[in-house]
Amino acid sequence: ALTTTGRLSSNHPNLQNIPIRTERGRKVREAFVVPKGFTMLSADYSQIELRVLAHITKDPGLIEAFNNDEDIHARTASEIFSVKIDKVDSNQRRMAKAVNFGIAYGQGVYGLAETLQIPRKESKEIIENYFSKFPGVKTYMDEIVEKARDLGYVETLFGRRRYLPELQSKSPMQRNFGERAAINAPIQVTASDLVKMAMLELYEDYPNDMLLQVHDELIFELPEKEIKEHAEKIKDVMENNVQLNVKLKVNVSWGSNWSEAH
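About the thresholds
- Residues numbered from 1 in each chain as written.
- Predicted model: local features only at pLDDT ≥ 70, side-chain atom pairs only at ≥ 80, totals over all residues.
- Heavy atoms only, no water.
- Salt bridge = Lys/Arg side-chain N within 4 Å of Asp/Glu carboxyl O.
- Buried < 20%, exposed > 50% of the residue type's maximum accessible area, 1.4 Å probe, protein only.
- Helix = DSSP H or I, 4+ residues; strand = E, 2+ residues; numbered from the N terminus.
- Polar contact = N/O pair within 3.5 Å; in protein donor to acceptor, adjacent residues only side chain to side chain.
- Contact = heavy atoms within 4.5 Å.
- Pairing = 2+ DSSP bridges.
- Axes fitted to C-alpha atoms, helices over the stretch in contact; angles between N-to-C directions.
- 1 Å grid on protein atoms, 1.4 Å probe; cavity = no way out; pocket = protein on both sides within 12 Å on 5 of 7 lines; lining within 4 Å.
- Points joined across faces, edges and corners; volume = space filled by probe spheres on them.
- Nonpolar A, V, L, I, M, F, W, Y, C, P; charged D, E, K, R; others polar.
- Expected span 1.5 Å × (residues − 1).
- Arc of directions from axis to C-beta.
- Patch = residues over 30% accessible without salt bridge, like charges linked within 9 Å, V, L, I, M, F, W, Y side chains within 5 Å.
- Areas by Shrake-Rupley, 256 points an atom, 1.4 Å probe, with all protein chains shown as cover.

Points about the pattern of salt bridges
If the charged atoms of two oppositely charged side chains come close together, the side chains can form a pair.
Part 1: Taken as a whole, this structure holds 13 salt bridges when the rule is applied.
Part 2: A salt bridge links Glu155 to Arg161; its shortest N-O distance comes to 3.1 Å.
Part 3: Judged by relative accessible area, which is 37%, Glu155 ranks as partly exposed.
Part 4: Judged by its relative accessible area of 41%, Arg161 is partly exposed.
Part 5: Within this structure, Glu64, Glu70, Arg75 and Glu79 form a network of salt bridges that share partners.

Now the structure itself:
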């Protein structure tokens, strides 16, 4: 519990950073196995930080997209590139995904241009289009930075504070960091709080021990014959332990090892 965001960390070994995207990484995950008669289950919150962003900003467009189970990155691409959602191509969706996550982390024109390897002029136009289509996000960003300057901290939905002395720094770089943290902390730390609250409820009301928490994912070792029943119970607890303006969504999968379970 060392991180400034309130997320849990892991070391010796770092079980929260076992690779998954590469073939070699998947091979490593195959080494994490369960005993005979048991199954490893993964329950992973889907896009929890963007759902929290929608709740905190109360932006109608974001809330509508999530509550209609739309592909949020395709919806964003449709808005900022002015194309029908079914006409969004893979590159537009990729760029919109970078915008969605970049905005949540307080990323500006320069940062987005670097991420997407595009000219700053194009990056500026994309961000301006985003704010015009999702104005609640821009209002939130402006207001939370001002509030953080006045109070010296920001809070999650549940009252966890992150203090931001960087906002009073004489260094522009430090102040910029403080502004980005002021925007992101209520989102990222609220997401962390939601995961922990689900963990507590499962611990108190559920007979099976959890093996591990990895960011927004909970890992269980469960009897093979009862796996579907357990999957439904875990999914229900995680999706409904807190009510937001948008639906929380959890993807559940399982297998004989960690690679299969993801």
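Now that the structure has been shown, we can carry on.
What about the side chain of Glu239?
Part 1: One can find Glu239 in helix H10 (residues 227-240).
Part 2: Assessed through its relative accessible area of 18%, Glu239 is described here as buried.
Part 3: A polar side-chain atom of Glu239 sits 2.9 Å from the main-chain amide nitrogen of Val250.
Part 4: Those residues in contact with Glu239 that lie beyond four places of it in its chain are Leu248, Lys249 and Val250.

Considering the sheet that holds strand S4 (residues 210-214)
Part 1: Across the sheet, which stays open at both edges, the 4 strands sit in the order S4-S5-S1-S6 with antiparallel pairing between neighbours. If you trace the sheet from one side to the other, it starts and ends with S4 and strand S6 (250-255), each paired once. The sheet shows a mean angle of 20° between the axes of neighbouring strands, direction not considered.
Part 2: In this structure, S4 lies alongside strand S5 (residues 217-223), joined through 4 bridges in antiparallel fashion. Its bridge partner lying in S5, Gln213 is registered against Leu218.
Part 3: Lying on the sheet, helix H9 (residues 172-205) is in contact with strand S1 (38-45), S4 and S5; it crosses S5 at an angle near 20°.

Re the environment of Asn176
Part 1: Within the secondary structure, Asn176 is located in helix H9.
Part 2: The class for Asn176 is partly exposed, based on a relative accessible area of 38%.
Part 3: Once the C-alpha coordinates of Asn176 and Glu166 are considered, the two residues, 10 residues apart in sequence, prove to be 8.2 Å apart.

Brief notes about helix H3 (residues 60-67)
Two residues of an α-helix separated by three or four positions point the same way, owing to the 3.6 residues in each turn.
Part 1: Residues of H3 that are buried: Gly61, Leu62, Ile63, Ala65 and Phe66.
Part 2: Two to three positions downstream of the cap, the backbone nitrogen of Gly61 sits 3.0 Å from a side-chain oxygen, assigning the N-cap of H3 to Asp59.
Part 3: A positive backbone phi angle near 55° is found at Asp69, which sits one or two residues after H3.

Brief notes about the layout of surface pockets
Where empty space is left can be seen by rolling a probe of water-molecule size over the atoms.
Part 1: Estimated volume of the largest pocket: approximately 970 Å³.
Part 2: Lining the largest pocket are 27 residues, with Arg21, Asp44, His215, Asp216 and His262 positioned closest to its centre.
Part 3: Breaking the lining of the largest pocket down by element, the ones donating at least two residues are S1, helix H2 (48-57) and helix H5 (90-104).
Part 4: The dominant element in the lining of the largest pocket, judged by the number of residues it contributes, is H2, at 3 residues.
Part 5: One number sums up the size of the second largest pocket: a volume of about 360 Å³.
Part 6: Broken down by secondary-structure element, the contributors of at least two residues to the lining of the second largest pocket are helix H7 (120-133), helix H8 (135-151) and H9.
Part 7: Class assignment of the residues belonging to the lining of the second largest pocket gives a composition of 7 nonpolar, 4 polar and 6 charged.

A short note on H7
Part 1: Taking 1.5 Å per residue as the helical rise, H7 with its 14 residues ought to reach 20 Å, and the 20 Å between its terminal C-alpha atoms agrees with that figure.
Part 2: Within the span of H7, buried status applies to Ser123, Ile126, Ile127, Tyr130 and Phe131. The arc enclosing the buried residues of H7, seen along the axis, measures out at 130°, which places them on a common side. Residues Lys121 and Ser132 are exposed on H7 and point more than 90 degrees away from its buried face.

Here's the deal with a nonpolar patch on the surface
Part 1: Among the surface-exposed residues, Leu157, Phe158 and Met197 lie close enough to one another that they form a single nonpolar patch of about 240 Å² accessible area.
Part 2: By the element assignment, Phe158 lies in the loop between strand S2 (153-155) and strand S3 (161-163).

Observations concerning the side chain of Ser192
Part 1: Within the element layout of this structure, Ser192 appears in helix H9.
Part 2: Here Ser192 falls in the buried class, since its relative accessible area comes to 3%.
Part 3: Not counting residues within four places of it along the chain, the set of residues in contact with Ser192 comprises Thr5, Gly6 and Arg7.

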